[in-house]
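# Breakdown of the fold
As a plain string of letters, each chain reads:
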Amino acid sequence: MAILSRLAQASKVMVTSVRHGGGIGGQIHNRPSRWNWDLFKDHLHFYIMLGAIPIGMWITMANIMKGPAVLSPIPEGYVPQEHEYYKSPITRWFVKNIYNSYQEVYESYLGTVWEEEKKRCMYQLYQEARRQQKLHQDYKGWYTKLKTAEYMRMSMKSKQDAEEARGFEP
Amino acid sequence: MAASDKDEFPVYTNHPVFGGIATLGYNIFAAPAIWFNKKLEAIRGEPQAFYHRRYPRVPTIDECYRDDVVCRFEANQQFMRDKLVEGQMIDILRQRFNECVFYEKGSGMSAYVPLHEGAPVDVSPGSTHQCRAVLEAFEKANENFFIKYGELGKFPTAEQCYLKQKHRLMWERRHGPVGTGMKTDEPAASQE
């Protein structure tokens, strides 16, 4: 009798209280995260709507309306403008309105080369002056250390005072 | 390409055996593209022109002072451009020779020669075939290119090339033309 009643009580061992709130306000179901998938969809949407579609339309319209240029010999006595050296209409637009021309970039680089050469020559002269000073050791320049006389006097006095304090040991 | 001169003559469509297949391929792949291109040309009107850039000649490296770095830089740039142009010229001459051989060799199994045995056409040194002249022009140009630019490395400079020429002229002054051997350092034969 006692065993049977003990066995009947076994179903009451693992008993926990469960709160559902009556189901009011909806139910949260336990499920895996969809955050990465949602983020991927966001990125895809962004790059297509703001990137691929506008730029694709720009490229398509440029090629349909304007079209690529055709290679031709340069007419006699004519100097082509910078944007007439390129084939695609979009590149031509960039070169015409935004980019610096080849000649401009080249000549400004020549100016840079000249300036750097001047700096290099000045530095070479500077180094030669130092070399001569080191060689002859006769110039008040890099290899002479200047000391103010006041500091010399101070250090001499402090040395004398220390000797007087401790005495002179032969 | 094939239909740019005539609308109704794509290549090989009048072949007795494969004409039908060629026409089918043309109709599937080429004809829609050509139709679309014609529609675009109607929309666009006259196409614009683009040109290849022409570089003005500047003084070469032998006309520059040693300290004039701007002159030397420009001479170097011109040298690099000239090397590319002359390399392309060699390419064109080589293609001309290959096309000449291909055109002259004939067809069928008799025209098949393995690569290591040479060209299917007689271009040995004494032959009078027209491809022999083309081959000689190519080989001469190749030899001159090697004399000028050879063995200077991947990024040669104009100074290196100029000095290579100077060293070659000095060597030729001492030893005779290139290819005739070097003279040894013997003292004078007889001194009396």
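All of these numbers come straight from a predicted model, not from anything done at the bench.

## Things to note about the overall build of chain A
Counting its secondary structure elements, chain A contains five helices and one strand. Beginning at the N terminus, the succession of helices and strands in chain A can be written as α-α-β-α-α-α. Relative to its length of 170 residues, chain A is extended, with a C-alpha radius of gyration of 45 Å against a globular reference of 15 Å. For the C-alpha atoms alone, the extent of chain A along its principal axes is close to 120 × 100 × 25 Å. A burial count over chain A gives 11% of its 170 residues as buried. A separation threshold of at least 6 residues defines the contact pool for chain A, and within that pool the share at least 24 residues apart is 19%.

## Overview of the packing of helix α2 (residues 69–104) of chain B against helix α3 (residues 130–149) of chain B
Residue and element names in this part refer to chain B. Packing of α2 against α3 leaves a shortest axis separation of 9 Å and a crossing angle of 160°. Classed by the angle they form, the pair α2 and α3 counts as roughly antiparallel. Two packed elements cross with a definite hand, and for α2 against α3 that hand is left-handed. For the contact of α2 with α3, the residue count by class is 14 nonpolar, three polar and seven charged.

## Examining the confidence of the model for chain B
All names here are of chain B. Across chain B, the average pLDDT comes to 88, with 92% of residues at or above 70. Here helix α1 (residues 19–44) stands out as the least confident element of chain B, with mean pLDDT 91; α2 is the most confident, with 96. Two summary scores accompany this predicted model of the complex, namely pTM at 0.72 and ipTM at 0.76.

## Regarding the layout of surface pockets
Considered as a void within the structure, the largest pocket measures approximately 500 Å³ in volume. For the largest pocket, the lining is made up of 20 residues, of which A:Gln103, B:Arg53, B:Arg54, B:Tyr55 and B:Pro56 are closest to its centre. When residues of the lining of the largest pocket are traced back to their parent elements, those giving at least two are α4 (102–136) of chain A together with α2 of chain B. The element best represented in the lining of the largest pocket is α4(A), accounting for five residues.

## A look at the pattern of salt bridges
Here the structure, examined in full by the defined rule, presents 13 salt bridges over all chains. Linking A:Arg131 and A:Glu128 is a salt bridge whose minimum nitrogen-to-oxygen distance equals 3.1 Å. Here A:Arg131 and its partner A:Glu128 are both found in helix α4, three residues apart, which amounts to about one turn of the helix. In this structure, the salt-bridge partner of B:Arg57 is B:Asp82, at a minimum N-O distance of 3.1 Å. Taken together, the residues span a long stretch of sequence, with B:Arg57 in the loop between β1 (49–50) and α2 and B:Asp82 in helix α2 at a distance of 25 residues.

## As for the environment of B:Phe50
When you line up the elements, B:Phe50 lands in strand β1. For B:Phe50, a relative accessible area of 11% translates into the label buried. Among residues more than four places away in sequence, those in contact with B:Phe50 are A:Ala69, A:Val70, A:Leu71, A:Ser72, A:Glu84, A:Tyr85, A:Tyr86, A:Lys87 and A:Arg92.

## Description of the packing of aromatic side chains
In this structure the tally under the stated criterion is 14 aromatic pairs over all chains. Ring plane angle 25° and centroid distance 5.5 Å describe the contact between A:Phe94 and A:Tyr99, whose orientation is recorded as stacked. For A:Tyr99, a relative accessible area of 48% gives the class partly exposed. When the centroid spacing of 5.9 Å and the interplanar angle of 70° are considered together, the rings of A:Tyr102 and B:Tyr55 count as edge-to-face. You can see A:Tyr102 sitting in helix α4 and its partner B:Tyr55 sitting in the loop between β1 and α2, one on each of two chains. With a relative accessible area of 35%, A:Tyr102 lands in the partly exposed category.

## Quick look at the state of the cysteines
All names here are of chain B. Across all of its chains, the model carries two disulfides over all chains by this definition. Residue Cys-100 pairs covalently with Cys-131 via a disulfide, S to S 1.9 Å. Every disulfide takes its handedness from the sign of the S-S torsion; for Cys-100 and Cys-131 that torsion is -95°, giving left-handed. With Cys-100 in helix α2 and Cys-131 in helix α3, this residue pair connects regions lying 31 residues apart in the sequence. In this pair, the class of Cys-100 matches that of Cys-131, namely buried. Cysteines bonded in chain B are numbered consecutively along the chain; their disulfide partners then correspond to 1-2, 3-4. Between Cys-161, a free cysteine, and Cys-64, which holds the nearest cysteine sulfur, the sulfur-to-sulfur gap is 14 Å. Judged by its relative accessible area of 10%, Cys-161 falls in the buried class.

How each quantity is defined
- Residues numbered from 1 in each chain as written.
- Chains lettered and ligands numbered in written order.
- Predicted model: local features only at pLDDT ≥ 70, side-chain atom pairs only at ≥ 80, totals over all residues.
- Heavy atoms only, no water.
- Helix = DSSP H or I, 4+ residues; strand = E, 2+ residues; numbered from the N terminus.
- Rg over C-alpha atoms; globule rule 2.2 N^0.38 Å.
- Buried < 20%, exposed > 50% of the residue type's maximum accessible area, 1.4 Å probe, protein only.
- Contact = heavy atoms within 4.5 Å.
- Axes fitted to C-alpha atoms, helices over the stretch in contact; angles between N-to-C directions.
- Parallel < 35°, antiparallel > 145°, perpendicular 65-115°, else oblique.
- Left-handed = near helix turned anticlockwise from the far one by under 90°.
- Nonpolar A, V, L, I, M, F, W, Y, C, P; charged D, E, K, R; others polar.
- pLDDT = per-residue confidence, 0-100.
- 1 Å grid on protein atoms, 1.4 Å probe; cavity = no way out; pocket = protein on both sides within 12 Å on 5 of 7 lines; lining within 4 Å.
- Points joined across faces, edges and corners; volume = space filled by probe spheres on them.
- Salt bridge = Lys/Arg side-chain N within 4 Å of Asp/Glu carboxyl O.
- Phe/Tyr/Trp six-rings, centres within 6.5 Å; stacked < 30°, edge-to-face > 60°.
- Disulfide = S-S within 2.5 Å.

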